[in-house]
Amino acid sequence: MSDAYIVETLRTPGGRRKGALSGWHPADMAGEVLNALVERTGIDPAAIDDVIMGCVTKAGEQGFNIGRNAVLASRLPDTVPAVTVDRQCGSSQQALHFAAQGVKSGAQDIVIAAGVESMTRVPMFADMTVLAKAGIGEGPVSPRIRERYGVTEFSQFRGAEMIAQKHGLSRDDLDAYALESHRRAAEATRLGAFEREILPLEIAEGTHRHDEGIRFDATAESIGGVDLLADGGVLSAANASQICDGASGALIVSERALKAHGLTPIARVVEMCVTAGDPVIMLEEPITATQRALQRSGLTLEEIALYEVNEAFAPIPLAWMAQLDADPARTNAHGGAIALGHPLGASGTRLLSTLVHALRKRGERYGLQTMCEGGGTANVTIVEAL
């Protein structure tokens, strides 16, 4: 079985809701990522076997197979096929897994895994709310599901509150974590840590080069002063991920393609897994998925230099670190989605870009990324920097 190599991985800077990237059609934004992957690697675009695009809210401008539309909006030839996948927040991480599986199996040699989400132009849940407002159907949670789990809906907000309560996390704990996310992201930006991974995009005001959501002036007081999302809860908008516009991607190839096209790999996919559990608490599954990935890989957490644990809500990485006895200094070392934003379908390969380039810059070997996902699933990817 062939190894799956990462030749390049990159991302756009994050754009806040109605912010810097709100003028970009998501197909065009994703198309720019495809163009940049081709340009930076020198690969013959006609040799690409497939584009696998993660996207969560597939409606409006992100409907009608956004993966294929991204190819048509790019400079890739229209002979390059594409598909769109949805594993909720882990959609582009799953795109990476599908790409690596295709390469490892020998069925494909060159695949782009990518993701896109314009949360400004296609608001979260728009694919459901538009139909609900029109009186069409009764929503994705059928009566049978509601009866089985004793709920009227599945709520990520409720799941995050349940995790905080289960693990004894206070609002002060969550706010302190959120402040540290902004501090780390701000420091990484000042030191140029993101420059290698970021694809600048042209906007009306010039060039958008830096993540727009980072609060360089964040304080404990400013974060603590944000209203709670629910009475008696611990979550606020300040200790949860930011609504964000963005795109990201990676070029995944076989050893045969490395030789045939004169490519130089920057990382190797070591292990991949996806697990599923309780859909009500929903967001705790990265703990189980990480344990399985470590067992399958034969590695220990201590052997892994950096961890990217998506900051959908602050309780997620906090519970993950506590249960796995993980080093906080290695976890989201450059900040996470609380500061950088969480462009849903683009976040998987966004985390990959940050992880791979951070490993290489630090001269470290192994990195791990994991993502909590709607419905109670979680992906884990372990990579080796080369």
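See the structure shown above.
To start, this report covers the structure provided alongside it.

Conventions adopted
Residues numbered from 1 in each chain as written. Predicted model: local features only at pLDDT ≥ 70, side-chain atom pairs only at ≥ 80, totals over all residues. Heavy atoms only, no water. Salt bridge = Lys/Arg side-chain N within 4 Å of Asp/Glu carboxyl O. Buried < 20%, exposed > 50% of the residue type's maximum accessible area, 1.4 Å probe, protein only. Helix = DSSP H or I, 4+ residues; strand = E, 2+ residues; numbered from the N terminus. Axes fitted to C-alpha atoms, helices over the stretch in contact; angles between N-to-C directions. Parallel < 35°, antiparallel > 145°, perpendicular 65-115°, else oblique. Left-handed = near helix turned anticlockwise from the far one by under 90°. Contact = heavy atoms within 4.5 Å. Nonpolar A, V, L, I, M, F, W, Y, C, P; charged D, E, K, R; others polar. Disulfide = S-S within 2.5 Å. Phe/Tyr/Trp six-rings, centres within 6.5 Å; stacked < 30°, edge-to-face > 60°.

Some thoughts on the pattern of salt bridges
A complete count under the given rule lists 19 salt bridges for this structure. Put simply, Glu138 and Arg146 hold a salt bridge, and the shortest N to O gap is 3.6 Å. Overall, the relative accessible area of 55% leaves Glu138 in the exposed class. Across the pair Lys259 and Glu255 runs a salt bridge, and its minimum N-O distance is 3.7 Å. Placement of both Lys259 and Glu255 in helix H9 (residues 255-261) is noted, with a separation of four residues, approximately one turn of the helix. Here Lys259 falls in the exposed class, since its relative accessible area comes to 65%. Residue Glu255 is classed as partly exposed on the basis of its relative accessible area of 38%.

Looking at the packing of helix H1 (residues 26-41) against helix H2 (residues 66-73)
Relative to each other, H1 and H2 sit at 65°, their axes nearing to 7 Å. The orientation of H1 with respect to H2, classified from their angle, is roughly perpendicular. Taken as a pair, H1 and H2 cross one another with a handedness that is right-handed. Residues Pro26, Ala27, Asp28, Ala30, Gly31 and Leu34 of H1 form the contact with H2, whose participating residues are Ile66, Asn69, Ala70, Val71 and Ala73. Taken together, the residues that form the contact of H1 with H2 break down as eight nonpolar, two polar and one charged.

A few points about the state of the cysteines
Within this structure, the stated rule accounts for zero disulfides. Counting only cysteine sulfurs, Cys372 is the nearest neighbor of Cys273, a cysteine outside any disulfide, at a range of 15 Å. Under the relative-accessibility criterion, Cys273 is labelled buried at 8%.

Points about the packing of aromatic side chains
Counted according to the given criterion, the structure contains three aromatic pairs. A centroid spacing of 5.9 Å and a plane angle of 70° characterise the contact between Tyr149 and Phe154, whose relative ring orientation is edge-to-face. With 5.6 Å between their ring centres and 75° between their planes, Phe157 and Phe313 make a pair best called edge-to-face. Of this pair, Phe157 sits in helix H6 (residues 156-166) while Phe313 sits in the loop between strand E10 (306-309) and helix H11 (315-324), and the two are 156 residues apart along the sequence. Taking relative accessible area as the criterion, Phe157 reaches 41% and is therefore assigned partly exposed.

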